[in-house]
Amino acid sequence: MIRPSIPDDTIALIDIAKTIGFQPNELEALNEMLSDYFGGDRDTDHFWITDDDNGPVGVAYCEPERMTDQTWNLQLIAIRPDRQGQGRGATLLSYVEQTLASRGGRMLVVETSGLPDFERTRTFYAKCGYEEEARIRDFYTTGDDKIVYRKMLAD
């Protein structure tokens, strides 16, 4: 079941991020983002979605790109490793796309690392209809490029 995230999901969502390899500083930033969101800083534009199977197994976070015409950025999508390969990520991403399209969203941008460890992620985006749009060399650190994908949500 895909649903809006609720405050009680916080620990499980951080745990999902931890199991997919988030570093301590990234986990801290994620915790702050969730705390702000659930603490009343609920910008009506951005949103958190949880894939729930008797407890959270996946999460997506999306926000609008400022100073654009309905361009959105998928900042986070993650499925617990023991639930990957079941189509959950594609279903969650499709739900995000449908949500954005219903809000008038025009384009969704996603970013990931160019390291070999992220080949599965890049393949996932391509299978979901995303096209590589840009590569920023050495973005994250020397030798770790940022790869940007995009998908048009409406013609």
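For the structure, see preceding data.
Residues numbered from 1 in each chain as written. Predicted model: local features only at pLDDT ≥ 70, side-chain atom pairs only at ≥ 80, totals over all residues. Heavy atoms only, no water.

Caption draft 1: Examining the overall build of the protein more closely. Looking only at helices and strands, the protein features four helices and seven strands. Sequence-ordered secondary structure for the protein, helices as α and strands as β, is β-α-α-β-β-β-α-β-α-β-β. For the protein, the spread of C-alpha atoms along the three principal axes comes to 40 × 35 × 30 Å. The 155 residues of the protein split such that 40% are buried. In the protein, of all internal contacts separated by at least 6 residues, the share reaching a separation of at least 24 is 57%. Carbon and sulfur atoms provide 47% of the accessible area of the protein, an area that totals close to 8900 Å². (Helix = DSSP H or I, 4+ residues; strand = E, 2+ residues; numbered from the N terminus. Buried < 20%, exposed > 50% of the residue type's maximum accessible area, 1.4 Å probe, protein only. Contact = heavy atoms within 4.5 Å. Areas by Shrake-Rupley, 256 points an atom, 1.4 Å probe, with all protein chains shown as cover.)

Caption draft 2: Region of interest: the pairing of strand β3 (residues 56-64). Judged by how many residues are buried, β3 sits mostly within the fold: seven of nine residues are covered. One ladder, built from six bridges, connects strand β2 (residues 47-52) with β3; its direction is antiparallel. If you follow D52 over to β3, its bridge partner there is P56. Between β2 and β3, which follow one another and run antiparallel, lie three residues, and N54 among them has a positive phi close to 60 degrees. Hairpin remark: β3 followed by strand β4 (residues 71-79), antiparallel, with six residues in the connecting loop; positive phi at M67, about 60 degrees. (Pairing = 2+ DSSP bridges.)

Caption draft 3: Spotlight on the pattern of salt bridges. Across all of its chains, the model carries 13 salt bridges by this definition. Between R150 and E133 there is a salt bridge; the shortest N-O distance is 3.2 Å. Placement of R150 in strand β7 (residues 144-152) and of E133 in strand β6 (residues 131-141) is noted, with a sequence separation of 17 residues between them. Note on R150: relative accessible area 25%, which makes it partly exposed. For E133, a relative accessible area of 49% corresponds to the partly exposed category. A single network of salt bridges, built from pairs that share partners, joins D51, D53, R83 and R88. (Salt bridge = Lys/Arg side-chain N within 4 Å of Asp/Glu carboxyl O.)

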